[in-house]
Amino acid sequence: AVGITTYPYFDYETPADIPAGYYAEITAYWTGKVIFTEIGWVADPAGPYTGSEQEQADFIPVFFSRTASLAREYVIYIFEHDYDALPAAFSMIGLKTNSGTARAADAVWKASVP
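About the cut-offs
- Residues numbered from 1 in each chain as written.
- Predicted model: local features only at pLDDT ≥ 70, side-chain atom pairs only at ≥ 80, totals over all residues.
- Heavy atoms only, no water.
- Core = buried A, V, L, I, M, F, W, Y, C linked by side-chain atoms within 4.5 Å.
- Buried < 20%, exposed > 50% of the residue type's maximum accessible area, 1.4 Å probe, protein only.
- Helix = DSSP H or I, 4+ residues; strand = E, 2+ residues; numbered from the N terminus.
- Contact = heavy atoms within 4.5 Å.
- Arc of directions from axis to C-beta.
- Phe/Tyr/Trp six-rings, centres within 6.5 Å; stacked < 30°, edge-to-face > 60°.

Visitor: What is the right way to look at the nonpolar core in this model?
Guide: What tends to happen in soluble globular proteins is that the nonpolar side chains get buried as a cluster. If you look at the biggest cluster of nonpolar residues, it comprises 28 residues, and the most contacted ones within it are F36, I39, F59, F63, I93 and W109. Going through the elements one at a time, β2 (33–39), α1 (53–66), β3 (71–77), α2 (88–91) and α3 (104–112) are the ones with two or more residues in this core. In this structure, W109 is in contact with I39, I60, F64, V75, I76, Y77 and L95, ignoring residues within four places of it in sequence.

Rendered as structure tokens:
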């Protein structure tokens, strides 16, 4: 298997902006199992990156749709809770706030994975 991290908000303003073939390009280099070791989308603008709780929730089904043709073995969302000690681009990426309040993305994530 090959392990990949993905944070498309570095390149795209909204999940809808992620091209349909964005992840399919992987198959040009690898045809085996794929492990997404870290995926995520910020729930709040961070540095030069846009983000919102709605975009974070929207990202999850877009990710699964865009990767459906891959031999996905595992998909790991980077953090359950926010982590303030990280650089701003990652501090508001959790499925829940530091206080444990679930964001909409938490329910979408739970409904998307077995």
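There's more to say after this.
Visitor: Can you help me understand α3 in this one?
Guide: Given 3.6 residues per turn, any residue in an α-helix points the same way as the ones three and four places further on. Buried residues of α3: A105, D106 and W109, and no others. Around the axis of α3, the buried residues are gathered within 105° of arc, so they sit on the same side. Across α3 from its buried face, at more than 90 degrees, point the exposed residues A107 and A111.

Visitor: Mind showing me how you'd approach the packing of aromatic side chains here?
Guide: In this description, an aromatic ring pair is defined by two values, namely the gap between the centres and the angle between the planes. Applying the stated rule across the entire model yields 19 aromatic pairs. Taking 5.7 Å as the distance between ring centres and 80° as the angle between the ring planes, the aromatic pair formed by Y9 and Y49 counts as edge-to-face. Separated by 40 residues along the polypeptide, Y9 in the loop between β1 (2–6) and β2 and Y49 in the loop between β2 and α1 bring together distant segments of the chain. Note on Y49: relative accessible area 22%, which makes it partly exposed. Arranged with centres 5.9 Å apart and planes meeting at 50°, the rings of F79 and Y83 form a pair that is tilted. Assessed through its relative accessible area of 25%, F79 is described here as partly exposed.

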